Amino acid sequence: MLPALPKLTVPESLLLQCQHVLQEYAPSPAPMIRDAERHVPFLFKQLITEATLNRMFAQAIHEGEFDDFEGRTLRLEINGGQPGITLGFWQGRLRIVEDGGEATIRGGWSAFYKLANRKLDPDQLFFQRKLIIEGDTELGLGIKNLLDSLDWRLF
């Protein structure tokens, strides 16, 4: 019979440091997602994504939060251009379109992750140049401010 191995304990600070290093410097999953995305028909991506986004933002849409963006398009891109998604707002619904947007918000995976999980303030990500707005910057900043004002605990 083998002797029992001692229980290893890792300090929480070391775990947090490792997590930070992985989030910041791990290879981007973009090439793998880009390859998989090529095989999914646009109509299927559109149906799934639109339904999810409209459900997520239903309250904000109902309250008129998106009304200022009627007929406008915004592209969100991972560095390198793909994967990316172009969003529009028409007749009270968020829509996915194949064209480029009037404005583009571009950044790395970790920047979008931090933005979505409220790890960093969006302004910090823009000032640190981890997220970049191109094209109609007024539209990009308006969307950024709208998303920043939403209560993400509801999602």
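Residues numbered from 1 in each chain as written. Predicted model: local features only at pLDDT ≥ 70, side-chain atom pairs only at ≥ 80, totals over all residues. Heavy atoms only, no water.

## Here we look at unusual backbone geometry
The backbone of Gln91 shows a phi angle near 50°, a positive value even though the residue is not glycine. Tracing the backbone through its elements, the reader meets Gln91 in the loop between strand S2 (84-90) and strand S3 (93-97). Among the residues examined, Gln91 registers a relative accessible area of 70% and is labelled exposed. For Arg129, which is not glycine, the phi dihedral falls at a positive 65°. Relative to the assigned elements, Arg129 resides in the loop between helix H6 (122-127) and strand S5 (131-135). (Helix = DSSP H or I, 4+ residues; strand = E, 2+ residues; numbered from the N terminus. Buried < 20%, exposed > 50% of the residue type's maximum accessible area, 1.4 Å probe, protein only.)

## Overview of the side chain of Ser110
Checked against the element boundaries, Ser110 lands in helix H5 (residues 109-116). Residue class for Ser110 comes out buried when judged on its relative accessible area of 15%. Apart from residues no more than four positions distant in its own chain, Ser110 is found in contact with Gln23 and Glu24. (Contact = heavy atoms within 4.5 Å.)

## What to know about the pattern of salt bridges
Side chains that differ in sign of charge can pair as their charged atoms come close. All chains considered together, the criterion is met by five salt bridges. Residue Glu77 pairs with Arg75 through a salt bridge whose shortest N-O separation is 2.7 Å. Classification of Glu77 by relative accessible area gives buried; the value is 9%. When the shortest N-O distance is used, the salt bridge between Arg106 and Glu77 registers 2.7 Å. Linking Arg106 in strand S4 (residues 103-107) with Glu77 in strand S1 (residues 73-78), this pair joins segments that are 29 residues apart in sequence. What you see here is one network of salt bridges that share partners, running through Arg75, Glu77, Arg106 and Glu134. (Salt bridge = Lys/Arg side-chain N within 4 Å of Asp/Glu carboxyl O.)

## A few points about the nonpolar core
Within the largest apolar cluster, 24 residues are counted, with the highest numbers of intra-cluster contacts made by Leu53, Phe57, Ile61, Phe66, Leu94, Ile105 and Leu131. A total of three residues in this core trace back to one element, the largest contributor, which is helix H7 (residues 137-149). (Core = buried A, V, L, I, M, F, W, Y, C linked by side-chain atoms within 4.5 Å.)

## Brief notes about H7
Here H7 contains 13 residues, and its C-alpha end-to-end distance of 18 Å stays within 8% of the 18 Å for a straight helix at 1.5 Å per residue. Residues Leu139, Gly140, Ile143, Lys144 and Leu146 constitute the buried set of H7. Down the axis of H7, the buried side of the element spans an arc of 160°, and every buried residue falls inside it. Seen from the open side of H7, the exposed residues pointing more than 90 degrees away from its buried face are Glu138 and Ser149. Buried residues in H7 make contact with S1, S4, H6 and S5. Backbone nitrogen of Glu138 and a side-chain oxygen of the N-cap are separated by 3.2 Å at the start of H7; the cap is Asp136. (Expected span 1.5 Å × (residues − 1). Arc of directions from axis to C-beta. Polar contact = N/O pair within 3.5 Å; in protein donor to acceptor, adjacent residues only side chain to side chain.)

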